[in-house]
Amino acid sequence: MSKIDYSKISVIILAAGKGTRMKSNLPKVLHPVAGLPILYRTLTQIKSLGVKDVRVVVGHGQKLVEPLVNNFRAKVCIQKELNGTAGAVMSADLNSAQDNIIILNGDHPFIRAKELDDLIKKHINQNSEFSVITSVVKYPGDRGRMLYFENKPKAIIEAKDASIETLKIKEVNTGMYITKLNLLKKFLPKLTTHANSKELYFTEVLSLAVESDCKVSFLKASNDLAFGVNSQEDLAIATGMAFKNKNKILMSKGVVILNPKTTFIEELVEVGPGTVIYPGAHLKGKTAIGCFCVLEPNVFINSSCVENSVQIKMGSYIESSVLKEKAVVGPYAHLRPESHIGKSAKIGNFVETKKAIIGDGVKASHLSYLGDVTIGANTNIGCGVVTCNYTLNKTKEKTIIGSNVFVGSNTQLIAPVELKNKSCTAAGSVINKDVPEKALAVARAKQINKENFKKD
Ligand code: UD1
Ligand code: CA
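On a predicted model such as this, the values are computed, not experimentally measured, just so you know.

Participant: Looking at this structure, I do not really get the side chain of Ser423. What am I missing?
Facilitator: In this fold, Ser423 is placed in the loop between strand E36 (417-419) and strand E37 (424-425). By relative accessible area, which is 0% here, Ser423 ends up buried. A polar atom in the side chain of Ser423 sits 2.7 Å from the backbone oxygen of Lys420. When sequence neighbours within four positions are dropped, the list of residues in contact with Ser423 reads Asn404, Val405, Phe406, Val435, Pro436, Lys438 and Ala439.

This is how it looks when you write it as structure tokens:
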């Protein structure tokens, strides 16, 4: 079948509901599933199809949802009264919509462009006027059940209105529909408020269409597509599904994941083949990990760039940082934002860095704080070195350390201060004056030995 012209289709996403069952102040559609809000996921897929006219119906938490919709250059439609899914569709400014319309529940995180495209083709092939996307699932739960009469679609029965017999039906409504503007204009005004919930159910458009002998279809889709989030428990299940799927994709590309069940990699993260990931790793945001890296157990990496052959040892926490090739970090290192770790540099256990440009081959192997600092290549930072960057005047000052410098253990560097290339500091020194090239700075109390101090 030829390609679908998505510029001639309007997509309406229903995202105005209260999401009462979430018990959360955050609008339901903004809850992240493996790092990406549910609505962000849907909008990404829809936009990738080339749909120009995307409308998002917002209501509850409008101020919070709007910026996301605007980021995707989609249209915000406001549902003033939250009177159900049909009320939401009526709020979508239908007069300016295209003839062909797709309606999507906003709380389904796994709507995929390719699957939707196939479903639209089926809808066209069947010459359908109104298609409901359905799925046959193991646990239908609170989703609407698909009712047939003489093998023909008849109605959607909401779980709360269903008889015990109807509840046994495993084919459910995914809350996605493909239809025509004319049909909506004809049937939406005929809907009546539901007796129990006082809501207008969009699902009842189907019954009206059937009664009027319109050509209606139930189109079966995957279980993933049918998964809607109504509660925190659903959100956790969706998150688990997303992580599982991401691990699967990475493993198919040659990433070694020792235990996918306890490895949590968000959607936008990239990992190169040959990298080995131990259990408990959590990779977030726009993180990119190169090839042949080793991430030991329980590393947490957020929005960072890790080049090839980097080793990150157990329990390290890394945020908005860059690690160049062959760097070795941890165990238990804390790289705070804007840490830039040079090629083959070593940041050892209990070392904290922040706004730190650390040169190639630098070694800071143990127990240091390196903040607001630049360190040249091949410098050695002894154990317990501290950059004292925060002044009494509450300003942050810089420490500059050249290349091939030897900073003795337990040196305190009172910023602003500079240690020039090849200089040294004696262990235990408190340095508050610049140290010239190749000089040794000793800034500690002289040792006095008191002979025979201890009585027998
Ligand atoms: C709905 C369907 C059900 C289907 C299920 C699939 C109806 C009546 N029922 O039930 O058949 O199996 O989805 O997940 O449609 N919304 C608004 N404005 C409102 C009410 C809801 O925009 O006034 C939005 C919500 O934000 C949500 C979507 O519509 O994104 C669905 O609403 P929800 O209350 O979650 O419907 P379900 O009970 O899941
Ligand atoms: Ca729902």
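Next, the rest of the story.
Participant: Would you mind showing me how to read the coordination of the calcium ion (ligand 2) here?
Facilitator: Tetrahedral coordination by four donors places them ideally at 109.5 degrees to one another around the metal; octahedral coordination by six donors ideally gives 90 or 180 degrees. Distances from the calcium ion (ligand 2) to its protein donors, namely Asp107 (OD) and Asn230 (OD1), fall within the range 2.3 to 2.4 Å. Taken as a pair, Asp107 in the loop between strand E6 (100-105) and helix H4 (113-125) and Asn230 in the loop between strand E11 (216-220) and helix H8 (232-252) lie far apart in primary sequence, 123 residues in all. The exposure classification of Asp107 matches that of Asn230, with both residues buried.

Participant: Explain a nonpolar patch on the surface to me, please; I cannot follow it from the model alone.
Facilitator: A surface patch of nonpolar side chains, amounting to about 390 Å² of accessible area, comprises Met314, Tyr332, Phe350 and Leu367. By the secondary structure assignment, Phe350 is in the loop between strand E27 (346-349) and strand E28 (352-358).

Participant: Whenever I open this one, helix H1 (residues 38-48) confuses me. Can you help?
Facilitator: Owing to its 3.6 residues per turn, the α-helix brings residues three or four apart onto one side. The complete set of buried residues in H1 reads Ile38, Leu39, Arg41, Thr42, Leu43 and Ile46. In the segment just after H1, Gly50 is the residue with positive phi, at about 90 degrees.

Participant: I'm lost on the state of the cysteines in this one. Help?
Facilitator: Any covalent bond linking the sulfur atoms of two cysteines counts as a disulfide. Counting across every chain of the model gives zero disulfides. Unpaired in this structure, Cys293 has its nearest cysteine sulfur neighbour in Cys291, at a distance of 7.6 Å. Free of any disulfide, Cys424 has its nearest neighbouring cysteine sulfur in Cys383, separated by 18 Å. Since its relative accessible area comes to 26%, Cys424 is described here as partly exposed.

Participant: Teacher, can you tell me more about the layout of surface pockets here?
Facilitator: If you roll a probe as big as a water molecule over the atoms, it shows you where there is empty space left. Estimates place the volume of the largest pocket at around 1,500 Å³. Mapped onto the lining of the largest pocket, the elements with two or more residues apiece are strand E1 (9-15), helix H3 (85-90), strand E10 (171-180) and H8. Looking at which element gives the most residues to the lining of the largest pocket, the answer is E10, with four residues. Of the residues that constitute the lining of the largest pocket, the class distribution is 17 nonpolar, 21 polar and eleven charged. Considering only enclosed or pocket space, the second largest pocket measures out at about 310 Å³ in volume. Lining of the second largest pocket is provided by 15 residues; of these, Arg41, Gln45, Phe110, Arg112 and Glu267 occupy positions nearest its centre.

Participant: When you look at the site of ligand 1 in this model, what are you seeing that I'm missing?
Facilitator: Around ligand 1 sit 24 residues, and of these Leu14, Gln79, His108, Glu158 and Asn173 come closest. Here an oxygen atom of ligand 1 sits 2.9 Å away from a polar atom, N or O, in the main chain of Gly17. Relative to its unbound accessible area of 750 Å², ligand 1 is 91% covered by the protein chains. Here ligand 1 occupies the largest pocket. Only E1, H3 and E10 provide two or more residues apiece to the shell around ligand 1. Looking at side-chain class alone, the shell around ligand 1 contains six nonpolar, 13 polar and five charged residues.

Thresholds, definitions, all that
- Residues numbered from 1 in each chain as written.
- Chains lettered and ligands numbered in written order.
- Predicted model: local features only at pLDDT ≥ 70, side-chain atom pairs only at ≥ 80, totals over all residues.
- Heavy atoms only, no water.
- Helix = DSSP H or I, 4+ residues; strand = E, 2+ residues; numbered from the N terminus.
- Buried < 20%, exposed > 50% of the residue type's maximum accessible area, 1.4 Å probe, protein only.
- Polar contact = N/O pair within 3.5 Å; in protein donor to acceptor, adjacent residues only side chain to side chain.
- Contact = heavy atoms within 4.5 Å.
- Donors = N, O, S within 2.8 Å, 3.2 Å for Na, K, Ca; no water.
- Patch = residues over 30% accessible without salt bridge, like charges linked within 9 Å, V, L, I, M, F, W, Y side chains within 5 Å.
- Areas by Shrake-Rupley, 256 points an atom, 1.4 Å probe, with all protein chains shown as cover.
- Salt bridge = Lys/Arg side-chain N within 4 Å of Asp/Glu carboxyl O.
- Disulfide = S-S within 2.5 Å.
- 1 Å grid on protein atoms, 1.4 Å probe; cavity = no way out; pocket = protein on both sides within 12 Å on 5 of 7 lines; lining within 4 Å.
- Points joined across faces, edges and corners; volume = space filled by probe spheres on them.
- Nonpolar A, V, L, I, M, F, W, Y, C, P; charged D, E, K, R; others polar.
- Near = heavy atom within 4 Å.
- Sits in = over half its atoms within 2 Å of the grid points.

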